[in-house]
Amino acid sequence: MLYNEPSPLETKVLTRRFGMERSAAIETYLATDGYRAFQKAAGMTPDEVINEVKASNLRGRGGAGFPTGMKWSFVPRTSPKPKYIVVNGDEGEPGTCKDRLLIESDPHQLIEGVLIAGLAVDAHKGWIYIRGEYRYLIDIMDRAIAEAYAGGWLGKNIQGTGFDFDLYTHTGAGSYECGEESALLESLEGKRGVPRIRPPFPAVAGAFQSPTVLNNVETFCAAPSIILNGGAAFAALGIPKAGGTKMTCLSGHINKPGVYELRLGFPVKQMIEEVGGGIRNGKKLKAFIPGGSSCPVLTAAECEGATMDYDSMAQRKTMLGSGGVIVMDEDTCMVKACMRLMKFYAHESCGWCIPCREGTTWLNKIMTRVHAGGGTEADIGLLGDIAKNMLGRTFCPLGDAAAMPMISFVEKFRQEFEDHLHGRPCPFEHSGVGVTA
Amino acid sequence: MTFSPQLEARFAKLLESYPAGRERAAMIPMLLYAQDELGAVTDELVAEVARRVGVTPLQVNEVVSYYTMLHRQPRGKYHVQVCTNISCLLRDGDQLLEHTCKKLGIGNHGVTEDGEFSVEEVECMGACSWAPAIQINYDFHHDVTPEKLDRLLDGLRKKR
Ligand SMILES: Cc1cc2nc3c(=O)[nH]c(=O)nc-3n(C[C@H](O)[C@H](O)[C@H](O)COP(=O)(O)O)c2cc1C
Ligand code: SF4
Ligand code: FES
């Protein structure tokens, strides 16, 4: 099922089966080059597979953008321990709703991606961790896995290649923090989602203390095309240093919200105007979050000349993140938007380390009173101070994920914070659009 | 404790899905799938899951208290989860939450007297591009307006 009309400006690689009749069925997959990449990879050496992924310039699509080929090469293949593959399908970053579609419309592409990773690092078992709210996707994935076993694409001696692989689904139960890789591994092992100290990284000691490749759903889904058409072809879709396409989720005040597969380096302006159909109700753009709520916000002026890729966003001191693009029009109350984000991080902090547990709690409390008009001048300074003191001082990146947007909202929209002080009502209260009241 | 044959089959499969000696890994899926059948995580369920995966009930409780989807108290037959996080907020998700509460005559986290409905304000549920979004039990509903919500809830009321 399609949730939004595709755009002619898309580059359909991972989504090319979207909208086909019975796109999730194995027959559809096999009829459209499905599992041919696995067969090709089975004839390659592990190093050749990894080199192809390196050549593709694929970078992790879960948020951090780490080069995937390099990550796979860190797995010590001579380790006597079994090696595992873990798929991160927790998809909890506000603004992000893409992995859901990849699983729903093309689950076999994900299975094939996992098999390719298995060949690359000599792993024979894997788990797809799916957030608990996505129960229907667990059913879809279980069905696809059963089809793959029945068709000889999972299990023992797959298609006579001598390669064995077992794959399972595993459900989460409501926790944003469990998207963080080491918390996810704890959750997989039946524990609270409290992250692990690193090193050792998952590549060395991951699931059940064994060497583990852990990637985002979208990252694995790119592997079949990379192997089938070559890493260079995938790289050429994007720009130097960032290959391929990115699943981009447009949300907020935009005419055509939806998930679109765009080549890396796609101009932000064109994305908003042409792919997304421009800002709703003929309004002007005020602000833009490029990759999920943890990324610093950009002003409309900062979007000038920006492109959707890692470097362009880094130059603007923000991140491409998970591809969750959140668009805010001129009537948006930035204080309210920021307040809601701080409430989220306070709720999701796992409580393990003090700077994050206390920091997110206080940011939430102060934002609530500032928004309500009960704040003081000093509060604005305090928000920045607390956030800056969290940066780099927390056990896992969730602390930074709260602090970075906080700092950016105060720095870039300070006037709006001041306008809320001394009992003054929200200036956007009567605009009637979006984040009011 | 006795569970449905389907759930027992699911448990059996889960216990085989992890490396030998790592049965504890099955705990969270077992709790969530069992909760769907029982309506809540009861003391009895905690003890049973603890026994099956080879940990103490305390170790199960510690996990239950961490995850927002696991709950010790029963919820309504239809659990209405309204997202008010950023993308939904920008499309009036907070007003939708207010509307839902008013319509059902209960507050956030409340359960109607007849046990039919409950409401929960939730964080991003992965439906941001089709905001505002709600989930009723596991079913997603996208681009929800107050009118659409009324129709949905009225339809469920009639069903009983
Ligand atoms: C708080 C937090 C939440 C995260 N949530 C997710 C998530 O939902 N999905 C995801 O793939 N990665 C998430 N990540 C990133 C993962 O830790 C990890 O970097 C990623 O899954 C690695 O895969 P990749 O290299 O393919 O991106 C999260 C990180 C943090 C700090
Ligand atoms: S930064 Fe936050 S989420 Fe991460 S370990 Fe510390 S308290 Fe937990
Ligand atoms: S913000 Fe509501 S579904 Fe993502």
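For every chain, the first residue of its written sequence is number 1, and the numbers climb from 1 along that sequence. Lettering for chains starts from A, numbering for ligands starts from 1, and both go in the order in which the items are written. Per-residue local features of the predicted model are confined to residues with pLDDT of at least 70, and side-chain atom pairs are confined, for both listing and counting, to 80 or more; whole-chain, interface and lining totals are unaffected and use all residues. Side-chain numbers here rest on the full set of heavy atoms in the structure, without hydrogens or water.

Caption draft 1: Representation of the domain arrangement of chain A in the model. Residues and elements named next belong to chain A. What the domain assignment reports for chain A is domain 1 (26–235), domain 2 (245–329) and domain 3 (334–436). The distance between the C-alpha centroids of domain 1 and domain 3 comes to 36 Å. Contact with domain 1, which involves 13 residues of that partner, is made by 9 residues of domain 3. Using a 1.4 Å probe, buried area is obtained as the accessible area two parts lose upon being combined, added over both of them. For the domain 1 face of the interface with domain 3, the top three residues by lost area are Tyr176, Glu177 and Val194, together amounting to 52%. What makes a salt bridge here is a side-chain nitrogen of Lys or Arg within 4 Å of a carboxyl oxygen of Asp or Glu, nothing more. The tally of links between domain 1 and domain 3 comes to 0 salt bridges. Here a polar contact is taken to be a pair of N or O atoms separated by no more than 3.5 Å, where protein atoms must pair a possible hydrogen donor with a possible acceptor and residues adjacent in sequence count only if both atoms sit in side chains. At the junction of domain 1 and domain 3, the tally comes to 1 residue pair in polar contact (both at pLDDT 80 or more). What fixes the domain bounds is an automatic or database domain assignment. Whether two residues are in contact is decided by their heavy atoms: any pair within 4.5 Å suffices.

Caption draft 2: Spatial organisation of the pairing of strand β8 (residues 285–289) of chain A. Residue and element names in this part refer to chain A. Among the 5 residues in β8, 5 count as buried, and that is most of the element. If DSSP finds at least two bridges between two strands, the strands pair. Here a helix means four or more residues in a row that DSSP labels H or I, a strand means two or more in a row labelled E, and each is numbered from the N terminus. Bridge analysis of β8 against strand β9 (residues 298–299) gives 2 bridges, and the strand direction is antiparallel. Each residue of the ladder has a partner; that of alanine 287, found in β9, is threonine 299. Remark: exposure states derive from per-residue accessible area (1.4 Å probe, protein chains only) relative to the maximum for the residue type, with buried under 20%, exposed over 50%, and partly exposed in between.

Caption draft 3: Representation of the pattern of salt bridges. Residues and elements named next belong to chain A. Using the criterion set out here, one finds 39 salt bridges over all chains in the structure. With a closest N to O distance of 3.4 Å, lysine 12 and glutamate 10 form a salt bridge. Judged by its relative accessible area of 34%, lysine 12 falls in the partly exposed class. The structure contains a network of salt bridges with shared partners spanning Arg61, Lys98, Asp99, Glu218 and Lys246.

Caption draft 4: Structural detail: the site of ligand 1. Residue and element names in this part refer to chain A. Close to ligand 1 lie 19 residues; Gly62, Asn88, Asn215, Asn216 and Thr219 are nearest. Contact distances for ligand 1 include 3.0 Å between an oxygen atom and a side-chain N or O atom of lysine 71. Within the contact set of ligand 1, an oxygen atom lies 3.2 Å away from a backbone nitrogen or oxygen of glycine 92. Among the elements that line the shell around ligand 1, the one with the most residues is strand β4 (residues 212–216), at 3 residues. For this classification, Asp, Glu, Lys and Arg are treated as charged, while Ala, Val, Leu, Ile, Met, Phe, Trp, Tyr, Cys and Pro are nonpolar and the rest, including Gly, are polar. Tallied by class, the residues present in the shell around ligand 1 amount to 4 nonpolar, 8 polar and 7 charged. Neighbouring residues are identified by heavy atoms, a residue being near a molecule or strand if any of them is within 4 Å of it.

Caption draft 5: Highlighting the interface of chain A and chain B. Each partner contributes to the interface: chain A provides 66 residues, whereas chain B provides 46 residues. Summed over both sides, the interface between chain A and chain B buries roughly 4600 Å², with carbon and sulfur atoms accounting for 56% of that surface. Counting the contacts that link chain A with chain B gives 7 salt bridges. If you look at where chain A meets chain B, you find 28 residue pairs in polar contact (both at pLDDT 80 or more). At the level of secondary structure, the elements contributing two or more residues to the side of chain A that touches chain B comprise α5 (99–105), α7 (135–150), β3 (166–171), α8 (181–188), β5 (245–252), β6 (258–263), β11 (324–329) and α14 (334–348) of chain A.

Caption draft 6: The packing of helix α15 (residues 354–372) of chain A against helix α16 (residues 377–390) of chain A, seen in detail. All names here are of chain A. Between N-to-C directions, angles span 0 to 180 degrees; the directions come from axes that are lines fitted to C-alpha atoms, helices contributing only their stretch in contact. Across the interface, α15 lies against α16 with an axial gap of 10 Å and an inter-helix angle of 160°. By the criterion of interaxial angle, the relationship of α15 to α16 is roughly antiparallel. Both α15 and α16 take part in a crossing whose hand is left-handed. For the pair formed by α15 and α16, the contact residues are Pro355, Cys356, Gly359, Thr360, Trp362, Leu363, Ile366, Met367, Arg369 and Val370 on the first element and Asp379, Leu382, Leu383, Ile386, Ala387 and Met390 on the second. Angular relationships are summarised with four words: roughly parallel below 35 degrees, roughly antiparallel beyond 145, roughly perpendicular across 65 to 115, and oblique for the angles in between. For any helix crossing, the convention is left-handed if the near helix is rotated counterclockwise from the far helix by under a right angle, and right-handed if that rotation is clockwise.

Caption draft 7: Local environment of the environment of glycine 174 of chain A. If you trace the backbone, glycine 174 of chain A turns up in the loop between β3 and α8. Among the residues examined, glycine 174 of chain A registers a relative accessible area of 7% and is labelled buried. Spatially, the C-alpha atom of glycine 174 of chain A lies 29 Å from that of lysine 388 of chain A, the residues being 214 residues apart in sequence. Ignoring any residue separated from it by four or fewer positions in sequence, one finds glycine 174 of chain A in contact with Glu133 of chain A together with Tyr67, Thr68 and Met69 of chain B.

Caption draft 8: Seen up close, the domain arrangement of chain B. What the domain assignment reports for chain B is domain 1 (5–64) and domain 2 (78–158). The C-alpha centroid of domain 2 of chain B is placed 29 Å from the C-alpha centroid of domain 1 of chain B.

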